[in-house]
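# Coordinate inspection notes
The residues making up each chain are set out below.
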Amino acid sequence: MLIEECPFIEPVDAYSAFAPYADSHFLDSGDRDRYSYIAVSPFHKLTAKNGQVELDGFPVPGNPFDVLADLMARYQQDPRDDLPPFQGGAVGYFGYELAHQTEKLPVAGQDWLDMPDMAVGIYDLVIAFDLKQRRMWLVSTGMPEQTPEERDHRAAVRLAMMRKYLRLARPLSDIPDVPHQPDVMGWASNFDRDAYQQSVQTVIDYIYAGDIFQANLSQSFRAEYAADNIPQRFAMYRRLSSVSSAPFGAFLNFGDVAVLSNSPERFLKVTDGHVETRPIKGTRPRGEMPVQDAELAQELMWSAKDRAENVMIVDLLRNDLSKVCQPHSVKTPAICALESYANVHHLVSTVTGELADGANAIDLLAACFPGGSITGAPKIRAMEIITELEKTTRGAYCGAIGYIGFDGAMDTNIAIRTICMNKGKLAFNVGGGIVANSEPAHEYDETMVKAAKVFEALGIAP
């Protein structure tokens, strides 16, 4: 593995050199105490759709999670402790519908975007950024070569290529802005107000019937996108991240398919076998004045509804982690802790564990997928109800985005605040957790407030 430290460039500026090229991805942290990454030019591409897996365009047998685990097992390296944690490996998204590969679930009736259920590249080239120290490294692993001589040669050649492209990086102000209304046509949702409110009531009825305690119901906004090109997609991502910075941003560019995400929520992190998940349940806006802001934070902290939702998801995640963690290692060091961001207050819990002997990050991902905070509890019955009421696939939304390193480390988000694009079509979902005392009209209004933020990011009116 070859490492070269370079003068620091803002990650969003550095990515401008790679944004025009398919299979280049940007894992973007809005938290200045964290890390960001750019991954370019994969040596393998893995996709899955409806259980059919393709590696580099050729069909391969097996469950998508198992195929990925077998592929990653071929390429292993020890990490450098003096670098950001991701130093090469898998980057991509794991869409909500991958749940069909781990559980027996009904199939949604409509697949409007027709994007893969999973799309992952295996990357030997990474640009790693330490945002706190304002340092930046080029990392070239030499994978997939196996002998030391061949790996060193490939690493050197690939590092030189990445350095050459990086010279093309431009300041953010020089990148064309996102297109406006004429380029986006025919906005529609899979729900109108009455239909969404009736679906919320149906969820409540299921709760009182004893089927579930909670379900996350979303509506999907979709449109056709006439000027579908990569620079405009990246400009759209920049707007999404500027409306509200978040710790787990991502711009994934697979060519026809793009995923733009700005999520506040970690799904699963693995470091040296230590597991962490941080579910968010409970949100209030920030107040314009300090007194109002403090009142909103206090209201959230004392909300029985929000705390009950959070604790239910903590119990679900404890159960999921226990499937692949050492006995008695699953702990909850924080429950319903208040965390405040630029635009919102959240209730965030933390669940940790230690991977069992023989288990790896991909085993953990499969055992916990999709995240309980965006399904409901019990998870399987909640997902059945979601399919019944939403009637359409979710795509990357409510799946996960992130990396899995050659050293076995992993960090992924819950893909909310996420725009999915494919071949001139665009969609994003907004939703919320429904519990017994939810009010249908309030729940619909809440989705529209969330949608307004995404429309603002798009620079258009719905």
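### Here we look at the overall build of the chain
In terms of helices and strands, the chain carries ten helices and 24 strands. Against the compact-globule benchmark of 23 Å for 462 residues, the chain has a radius of gyration of 21 Å, which places it among compact chains. Its C-alpha atoms give the chain principal-axis dimensions of about 65 × 55 × 50 Å. Out of the 462 residues belonging to the chain, those deemed buried represent 58%. Restricting the contact set of the chain to residue pairs at least 6 apart, pairs at least 24 apart contribute 75%.

### Some remarks on the nonpolar core
Grouped together as the largest cluster of nonpolar side chains are 51 residues, with contacts concentrated most on Leu 68, Phe 94, Ile 122, Leu 321 and Leu 364. Residue contacts for Ile 122: discarding those within four places in its chain leaves Pro 42, Phe 43, His 44, Leu 68, Leu 71, Met 72, Gly 89, Ala 90 and Phe 406. Counting residues in each nonpolar core, the second largest holds 41 residues, with Ala 19, Phe 234, Met 236 and Phe 428 among its members.

### Notes on helix H4 (residues 193-208)
Each turn of an α-helix holds 3.6 residues, which means side chains three or four residues apart point in the same direction. With 16 residues, H4 should cover 22 Å at 1.5 Å per step; its first-to-last C-alpha distance of 23 Å lies within 8% of that length. Turning to H4, its buried residues number three or more, namely Tyr 196, Gln 197, Ser 199, Val 200, Thr 202, Val 203, Ile 204, Tyr 206 and Ile 207. Contacts made by the buried residues of H4 are with strand S12 (214-225), helix H9 (379-390), strand S24 (425-434) and helix H10 (440-458). Downstream of H4 by a residue or two, Gly 210 has a phi angle that is positive, lying close to 90°.

### A word on the packing of aromatic side chains
Inspection of every chain in the model, using the stated rule, returns 25 aromatic pairs. When the centroid spacing of 6.4 Å and the interplanar angle of 65° are considered together, the rings of Tyr 75 and Phe 406 count as edge-to-face. Of the two residues, Tyr 75 sits in the loop between helix H2 (64-73) and strand S7 (89-94) while Phe 406 sits in the loop between strand S21 (400-405) and strand S22 (410-414), which places them 331 residues apart along the sequence. Grouping residues by exposure puts Tyr 75 and Phe 406 together as buried. Ring geometry for Trp 187 versus Phe 428: centroids 5.9 Å apart, planes at 65°, classification edge-to-face. Taken together, the positions of Trp 187 in strand S11 (residues 184-189) and Phe 428 in strand S24 put the pair 241 residues apart, joining distant regions of the chain. Each member of the pair, Trp 187 as well as Phe 428, is classed as buried. Over the ring of Tyr 206 we find Arg 381, and its NZ or CZ is 5.0 Å from the ring centre. Over the aromatic face of Tyr 96 sits the side chain of Arg 394, whose NZ or CZ is 4.7 Å from the ring centroid.

### A short note on the environment of Ala 108
Tracing the chain through its elements places Ala 108 in the loop between S7 and strand S8 (118-123). In sequence terms Ala 108 and Glu 388 are 280 residues apart; their C-alpha atoms lie 7.6 Å from each other.

### Brief notes about the pairing of strand S16 (residues 274-277)
Bridging between strand S15 (residues 266-271) and S16 involves three bridges; their strand directions are antiparallel. Among the inter-strand pairings, Thr 271 is bridged to a residue of S16, identified as His 274. Note that S16 and strand S19 (residues 344-354) share four bridges and pair antiparallel. Bridge pairing links Thr 277 to Val 351 in S19.

Definitions and cut-offs
- Residues numbered from 1 in each chain as written.
- Predicted model: local features only at pLDDT ≥ 70, side-chain atom pairs only at ≥ 80, totals over all residues.
- Heavy atoms only, no water.
- Helix = DSSP H or I, 4+ residues; strand = E, 2+ residues; numbered from the N terminus.
- Rg over C-alpha atoms; globule rule 2.2 N^0.38 Å.
- Buried < 20%, exposed > 50% of the residue type's maximum accessible area, 1.4 Å probe, protein only.
- Contact = heavy atoms within 4.5 Å.
- Core = buried A, V, L, I, M, F, W, Y, C linked by side-chain atoms within 4.5 Å.
- Expected span 1.5 Å × (residues − 1).
- Phe/Tyr/Trp six-rings, centres within 6.5 Å; stacked < 30°, edge-to-face > 60°.
- Lys NZ or Arg CZ within 6 Å of the ring centre and 35° of its normal.
- Pairing = 2+ DSSP bridges.

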